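Here is how the chains run, residue by residue.
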Number of protein chains: 2
Amino acid sequence: MPPRIAGTADECMVEAATEVLGGKWKLVILRHLQGGTRRFGELHRVIPGVTPRMLTRQLRELEADGLIRRRVYAEVPPKVEYSVTEIGASLEKIIDGLEAWGLWYREQVTTAP
Amino acid sequence: MPPRIAGTADECMVEAATEVLGGKWKLVILRHLQGGTRRFGELHRVIPGVTPRMLTRQLRELEADGLIRRRVYAEVPPKVEYSVTEIGASLEKIIDGLEAWGLWYREQVTTAP
DNA sequence: CAGTATCCATGCCGATACTG
DNA sequence: CAGTATCGGCATGGATACTG
């Protein structure tokens, strides 16, 4: 599957990053997958507010962009596991940084006058 | 001016970050302002593809969220300068990381089969 | 369990033209 | 120079119901 991003001719590489990470739930999904392999239902349960439809869409895009891997087990009941690829794993530090910043930012704007 | 984000009751702080940084041009703007104070026209010239309307909107939101400062000089012709606040400056490392990752990612997806 | 299908709303964002 | 005004498209994402 070819990655969705292939021909953006910008010089600013933050755009490449935001294009891949731009979905509403993508960073949250990635964050949970950093903790290890998760099943569809686990993700659905642990991410409050996401609908199956959106979860599926975002997972498929992350897969198309090479950030996560999808493994289907031919069982009944069905079982599908998601995990980060090497590329997805390479985002761990950045996501950690974003989360830490988000926490700090919340403190700033809530405590400061 | 109160920050737009004040009552998101999530436990996942990446959401706080994405809400503040979620605009299409915000990270690019921030990236350029990390280099120092810039005027509206400078930003407009250095960010390809952005319309005055969008640039204004994103700048105002960044200002409302406390990431940048807007200084108006009572001169003619008009002169407005934008610069990062301390909060905005605190994102420098993260934005650098995103840019580096974007560059690396592009290499991965273009060179790998 | 792990999704699809369908419909629908919002709002994000672009293009263009105009102004203090 | 640094914006506003107005119009409008279309992607993003939500709600609900259904299925292999």
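The notes below deal with the structure included here.

Here we come to the interface of chain A and chain B. Buried accessible area, meaning the area lost when the parts come together, often serves as the stated size of an interface. If you look at the interface, chain A gives 36 residues, while chain B gives 36 residues. Together chain A and chain B conceal approximately 3,300 Å² of surface at their shared face, both sides included; 74% is due to carbon and sulfur atoms. The three residues of chain A that bury the most area against chain B are Trp101, Tyr105 and Arg106 of chain A, which together make up 20% of that side's buried surface. Linking chain A with chain B are zero salt bridges, by the criterion used here.

All names here are of chain B. Burial of strand β3 (residues 79-84) is extensive: five of the six residues sit out of reach of the surface. Two elements, strand β2 (residues 68-73) and β3, share six bridges in a ladder whose sense is antiparallel. Bridging across to β3, Arg69 finds its partner in Ser83. Two successive antiparallel strands, β2 and β3, enclose a turn made up of five residues.

Criteria and thresholds
Residues numbered from 1 in each chain as written. Chains lettered and ligands numbered in written order. Predicted model: local features only at pLDDT ≥ 70, side-chain atom pairs only at ≥ 80, totals over all residues. Heavy atoms only, no water. Contact = heavy atoms within 4.5 Å. Buried area = accessible area lost by both parts, 1.4 Å probe. Salt bridge = Lys/Arg side-chain N within 4 Å of Asp/Glu carboxyl O. Buried < 20%, exposed > 50% of the residue type's maximum accessible area, 1.4 Å probe, protein only. Helix = DSSP H or I, 4+ residues; strand = E, 2+ residues; numbered from the N terminus. Pairing = 2+ DSSP bridges.

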